[in-house]
Amino acid sequence: MTQHLDIHPLAKASFEPFGDVIEADPATMRYINGGTTERFHALSNAEALGDGARVILNLFRGQPRAFPFLIDMMERHPFGSQCFVPLNGRPFLIVVAEDEGGKPGRPQVFLARGDQGVNYRVNVWHYPLMALDEQSDFLIVDRDGSENNLEEYFFNTPFIIGAPTL
């Protein structure tokens, strides 16, 4: 039987087991460039494990998802973190799960504002990019290397997400 997943607002405390929320944090702010620029410093750390691995920047263009939406799989990256930052100021959904013996547990769903991004830690189960309402661009900080950095898990019974309230 398909189980319904609730959508929660993205917040640092509730997302902490999975990675970091990327947003302007006043506690990290310092002025640079002669006081004309606010720098929000060290909001997260990119990870790239393995011989010859490197951190790369990508642009992903996500197509909007239709709801209700079935979550039938999750993925994780064993050798690198993965950071998603929206470039169009549009909200998006994040689906993550804690590891339970090498497979994802019950997924959790977060609604990110258009001024928030996330950095998934190494080996965090998550669903692929979920743009809402219209095509959206994302800056992705990712790992590139010779090892296969993708593991997928397919659920026997999918979970369902209803339409988010924006």
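Just so it is clear, the structure is predicted and the values come from calculations on it, not from any experiment.

Cut-offs and rules
Residues numbered from 1 in each chain as written. Predicted model: local features only at pLDDT ≥ 70, side-chain atom pairs only at ≥ 80, totals over all residues. Heavy atoms only, no water. Buried < 20%, exposed > 50% of the residue type's maximum accessible area, 1.4 Å probe, protein only. Helix = DSSP H or I, 4+ residues; strand = E, 2+ residues; numbered from the N terminus. Pairing = 2+ DSSP bridges. Axes fitted to C-alpha atoms, helices over the stretch in contact; angles between N-to-C directions. Phe/Tyr/Trp six-rings, centres within 6.5 Å; stacked < 30°, edge-to-face > 60°.

Participant: Residues and numbers for the pairing of strand 10 (residues 108-112), please.
Facilitator: Here strand 10 lies mainly inside the structure; four of its five residues are buried. Looking at chain direction, strand 2 (residues 7-9) and strand 10 are connected through three bridges and run parallel. If you follow Pro9 over to strand 10, its bridge partner there is Leu111. Where strand 9 (residues 92-97) and strand 10 come together, five bridges link them in antiparallel fashion. Paired with Phe92 across the strands is Ala112, a residue of strand 10.

Participant: Describe the environment of Tyr153, listing the residues and the values that go with them.
Facilitator: Positionally, Tyr153 belongs in strand 15 (residues 151-161). Along the sequence, Tyr153 and Met74 sit 79 residues apart, while their C-alpha atoms lie 5.4 Å from each other.

Participant: Could you give an account of the sheet that holds strand 3 (residues 19-22), naming the residues involved and the relevant values?
Facilitator: Pairing between the strands of a sheet is mediated by backbone hydrogen bonds and can be parallel or antiparallel. Judged by pairing direction, the sheet is antiparallel, and its five strands sit side by side in the order 3-11-8-14-6 without closing on themselves. At either margin of the open sheet sits one strand with a lone partner, and together these are strand 3 and strand 6 (54-62). Sheet twist, expressed as the average angle between the axes of neighbouring strands with direction ignored, equals 15°.

Participant: Report on the packing of aromatic side chains, specifying residues and quantitative values.
Facilitator: Counting across every chain of the model gives 11 aromatic pairs. On the numbers, 6.2 Å between centres and 45° between planes, the contact of Phe15 with Tyr120 is tilted. Linking Phe15 in helix 1 (residues 12-15) with Tyr120 in strand 11 (residues 117-120), this pair joins segments that are 105 residues apart in sequence. Just as Phe15 is buried, Tyr120 falls in that class too.

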